[in-house]
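Each chain, written out:
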Amino acid sequence: MSIQYVTRVVDTLKRRYPGEPEFHQAVNEVLDSLTPVFEKNKEFEEAGILERIVEPERQIIFSIPWVDDAGKVHVNRGIRVQYNSALGPYKGGIRFHPSVNTSIIKFLGFEQTFKNSLTGLMLGGGKGGTDFDPKGRSDNEIMRFCQSFMTELYRHIDADTDVPAGDIGVGAREIGYMFGHYKRIRNVFHGVFTGKGLLYGGSIGRKEATGFGCVYFCNEMLKDRQTGFENKKVLISGSGNVAIYAAEKAISFGAKVVAMSDSGGYVYDEGGINLEVLKRLKELERKRISEYAKEVKSAKYTEGCSGIWSIPCDIALPCATQNELDGNAAQALVKNGCIAVAEGANMPSTPEAVKVFLDAKIAYGPGKAANAGGVSTSGLEMSQNSMRLSWTFDEVDAKLRQIMINIHATARNTAAEYNTPGNLVNGANIAGFLKVARVMMAYGL
Ligand code: NDP
Ligand code: 2IT
């Protein structure tokens, strides 16, 4: 029985990896969708596909010693999880955040495997990170840390083996230091990183891609409901890379972004957030979002980030971090008339919140589908690096938009095929899984 197969695999995994709640959560969420797949495809159980897909192919854990500006020595922990290489080189970002541990990196690597499958590109799944906290560190400290991180990681990555990118706390500055150090110690110049600066092989449009892609995906969900972004009130959590470019695209589609946040709190402005001010504060000056309300008098700052979901809106785009939107927040959104939620972040909604959205039958785009625009454009960066040529912004953006349209159609059609029309969680999980599973079957054991 397929339900027993799924339960047995989940139980074994929980016994083998106790104390990894985010990892268990991500696995449960995917496996919940897969029972009908195993009913239809008995060969997957016979080939042990599920046992093999939940276990990372390789996990690398290492120490990162570095010296701060005052001469004090610190040691952080680095992790790279090379999850699944059925579809191509391991591919996924690196996160710098004090909360990083094996549970978080494994949940992200697991999600990434199915997300990358959905893009239609040839990309395996991986993820990395460290518990280093970049907040308040000087450029020199960041550089020394990135160099020490790369002094170990370089052994495990390569343009055809494992290609990291950015994630929380890792943007163009950090990628520059890491790529520069890799190039120096390996004596090669190739596409081993994506999200690189435009002057040394980065793709135009990669910086914007996750946020833009999330809005393109949401727009497809809205189109299915005969509506769009025009005159809609939008809440966006976070004010980092994904949030900023989701806001930019939503505004260009005619929406009003009324609130954004960081881990300290949120700003609300009924007239709409002034993105130019926000970008300067966050991208250039690396300041807190509370500073925004000091500069823009029409905005109100509220301490604590979770309150953002109690603001009435039409569309919510969680773009900060995992489990930032719980069951109560989801109920408040639905009660206040929210019609669509598209996840720019990875697993931002708790299982209780997901259930509220699905029960209410509002449009709900899970992260592995809605935020796949970032890694898709990383795939386009890899193509350009291999060709040693680059495309224009319009060319990259058109490809990104088409990929997001395709992912939405795949998730929607798969959900209908498996008798849960409108349930994009099932659609994305099943479609993402099937491609990886079929390729693993083709390889044998
Ligand atoms: P950034 O570091 O640029 O921004 C992260 C934002 O989220 C900041 O505003 C940060 O606030 C906030 N945040 C981070 N941790 C927490 C927390 N524990 N509680 C509340 N707020 C928090 O990261 P990105 O924009 O790149 O990433 C955001 C999300 O999108 C992540 O889930 C990431 O995995 C996902 N993602 C990113 C992609 C990319 O291309 N960058 C691609 C696909 C998904 P503060 O500054 O106060 O910490
Ligand atoms: O979660 C994600 O998809 C990312 N952080 C981007 C991964 C990538 O390789 O571009």
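Data block above holds the structure.
This text gives an overview of the structure that appears in the document. (Residues numbered from 1 in each chain as written. Chains lettered and ligands numbered in written order. Predicted model: local features only at pLDDT ≥ 70, side-chain atom pairs only at ≥ 80, totals over all residues. Heavy atoms only, no water.)

**A short note on unusual backbone geometry**
- A positive phi angle is found at asparagine 231, which is not glycine, with a value near 60°.
- Relative to the assigned elements, asparagine 231 resides in the loop between α8 (206-224) and β6 (233-237).
- The phi angle at asparagine 419 is positive, at roughly 65°, despite the residue not being glycine.
- Its location among the elements puts asparagine 419 in the loop between α16 (393-417) and α17 (424-443).
- With a relative accessible area of 67%, asparagine 419 lands in the exposed category. (Helix = DSSP H or I, 4+ residues; strand = E, 2+ residues; numbered from the N terminus. Buried < 20%, exposed > 50% of the residue type's maximum accessible area, 1.4 Å probe, protein only.)

**Some thoughts on the sheet that holds strand β10 (residues 315-318)**
- Pairing is mixed across the open sheet formed by 7 strands, whose spatial order is β9-β8-β7-β6-β10-β11-β12. In this open sheet, the two strands that pair with only one neighbour each are β9 (300-303) and β12 (363-365). Neighbour-to-neighbour, the strand axes of this sheet turn through a mean angle of 15°, independent of strand direction.
- Across 2 bridges, the pairing between β10 and strand β11 (residues 340-342) is parallel. Among the inter-strand pairings, isoleucine 315 is bridged to a residue of β11, identified as alanine 340. (Pairing = 2+ DSSP bridges. Axes fitted to C-alpha atoms, helices over the stretch in contact; angles between N-to-C directions.)

**So, the site of ligand 2**
- Near ligand 2 there are 14 residues, and of these Lys91, Lys115, Asp167, Arg206 and Ser378 occur at the shortest range.
- At 2.9 Å, a side-chain N or O of aspartate 167 approaches a nitrogen atom of ligand 2.
- Arginine 206 places a polar side-chain atom, nitrogen or oxygen, 2.9 Å from an oxygen atom of ligand 2.
- Contact with the protein chains hides 93% of the accessible area of ligand 2, taken as 300 Å² for the molecule alone.
- Taken together, the residues of the shell around ligand 2 sort by class into 2 nonpolar, 7 polar and 5 charged. (Near = heavy atom within 4 Å. Polar contact = N/O pair within 3.5 Å; in protein donor to acceptor, adjacent residues only side chain to side chain. Areas by Shrake-Rupley, 256 points an atom, 1.4 Å probe, with all protein chains shown as cover. Nonpolar A, V, L, I, M, F, W, Y, C, P; charged D, E, K, R; others polar.)

**Points about a nonpolar patch on the surface**
- A cluster of nonpolar side chains, contributed by Val67, Val73 and Val75, occupies part of the molecular surface with about 260 Å² of accessible area.
- In this fold, valine 67 is placed in strand β1 (residues 58-67). (Patch = residues over 30% accessible without salt bridge, like charges linked within 9 Å, V, L, I, M, F, W, Y side chains within 5 Å. Salt bridge = Lys/Arg side-chain N within 4 Å of Asp/Glu carboxyl O.)

**Description of empty space enclosed by the protein**
- The final tally for this structure, using the stated rule, is 1 cavity of 30 Å³ or more.
- The computed volume of the largest cavity comes to approximately 30 Å³.
- Taken together, Ile204, Gly205, Phe393, Val396, Asp397 and Leu400 form the lining of the largest cavity.
- Its residues assigned to classes, the lining of the largest cavity comprises 4 nonpolar, 1 polar and 1 charged. (1 Å grid on protein atoms, 1.4 Å probe; cavity = no way out; pocket = protein on both sides within 12 Å on 5 of 7 lines; lining within 4 Å. Points joined across faces, edges and corners; volume = space filled by probe spheres on them.)

**Here's the deal with the side chain of glutamate 20**
- Its place among the elements puts glutamate 20 in the loop between α1 (2-16) and α2 (21-40).
- Not counting the four nearest positions on each side in its chain, glutamate 20 is found in contact with Thr102, Ser103 and Lys106. (Contact = heavy atoms within 4.5 Å.)

**A closer look at the site of ligand 1**
- Residues in close proximity to ligand 1 total 26 residues, the closest being Asp167, Thr210, Ser263, Arg288 and Asn346.
- Asparagine 241 is positioned such that a nitrogen or oxygen atom in its backbone is 2.9 Å from an oxygen atom of ligand 1.
- In this structure, asparagine 346 approaches ligand 1 through a side-chain N or O atom, which is 2.8 Å from an oxygen atom.
- Considering ligand 1 on its own, with 890 Å² of exposed area, one finds that the protein chains cover 84% of that surface.
- If you list the elements that add at least two residues to the shell around ligand 1, you get α8 and α9 (241-252).
- Of the residues in the shell around ligand 1, the class split is 6 nonpolar, 13 polar and 7 charged.

**Details of the layout of surface pockets**
- Estimated volume of the second largest pocket: approximately 360 Å³.
- Those elements that place two or more of their residues in the lining of the second largest pocket are α2, α13 (351-360) and α17.
- The leading source of residues in the lining of the second largest pocket is α2, at 5 residues.
- Class assignment of the residues belonging to the lining of the second largest pocket gives a composition of 7 nonpolar, 8 polar and 5 charged.

**Some details on the pattern of salt bridges**
- A complete count under the given rule lists 25 salt bridges for this structure.
- Taking the shortest distance from any N to any O, the salt bridge between glutamate 285 and arginine 280 comes out at 3.2 Å.
- Within this structure, Arg280, Glu285, Lys287 and Glu295 form a network of salt bridges that share partners.

**Some words on the packing of helix α5 (residues 102-118) against α17**
- Viewed as axis vectors pointing N to C, α5 and α17 meet at an angle of 85°, and their least axial separation amounts to 8 Å. Classified by the angle between their axes, α5 and α17 sit roughly perpendicular to one another. Between α5, through Thr113, Phe114, Ser117 and Leu118, and α17, the contact on the second element is made entirely by Ala428, Ala431, Gly432, Phe433, Lys435 and Val436.
- Its residues assigned to classes, the contact of α5 with α17 shows 6 nonpolar, 3 polar and 1 charged. (Parallel < 35°, antiparallel > 145°, perpendicular 65-115°, else oblique.)

**Describing the nonpolar core**
- One finds Cys218, Phe229, Ile236, Met260, Tyr292 and Leu317 to be the most contacted residues of the largest nonpolar core, which totals 52 residues.
- Take this core: its biggest share by element is 9 residues, from α8.
- Beyond its immediate sequence surroundings of up to four residues, leucine 317 is in contact with Cys214, Val215, Cys218, Val234, Leu235, Ile236, Ser237, Ala246, Trp309 and Ala342.
- Within the second largest apolar cluster, 40 residues are counted, among which are Val9, Ile79, Leu434 and Met440. (Core = buried A, V, L, I, M, F, W, Y, C linked by side-chain atoms within 4.5 Å.)

**Concerning the sheet that holds strand β4 (residues 125-130)**
- Spatially, 5 strands are ordered β1-β2-β4-β3-β5 in an open sheet, and the strand pairing comes out mixed. Both outer strands of the open sheet, β1 and β5 (162-165), are each paired with one neighbouring strand and no more. In this sheet, adjacent strand axes meet at a mean angle of 20° when their direction is disregarded.
- Along the sheet, helix α6 (residues 139-153) makes contact with β1, β2 (73-84), β3 (90-96), β4 and β5, crossing β1 at roughly 145°.

**Re the pairing of β2**
- Of all 12 residues in β2, 9 are buried; the element is thus mostly enclosed.
- Pairing analysis gives 10 bridges linking β1 to β2, with the strands arranged antiparallel. Along β2, the bridge assignment pairs proline 65 with valine 75.
- From the end of β1 to the start of β2, which pair antiparallel, there are 5 residues, and glycine 71 there has a positive phi angle of about 90°.
- The pairing of β2 with β4 spans 6 bridges and is antiparallel.

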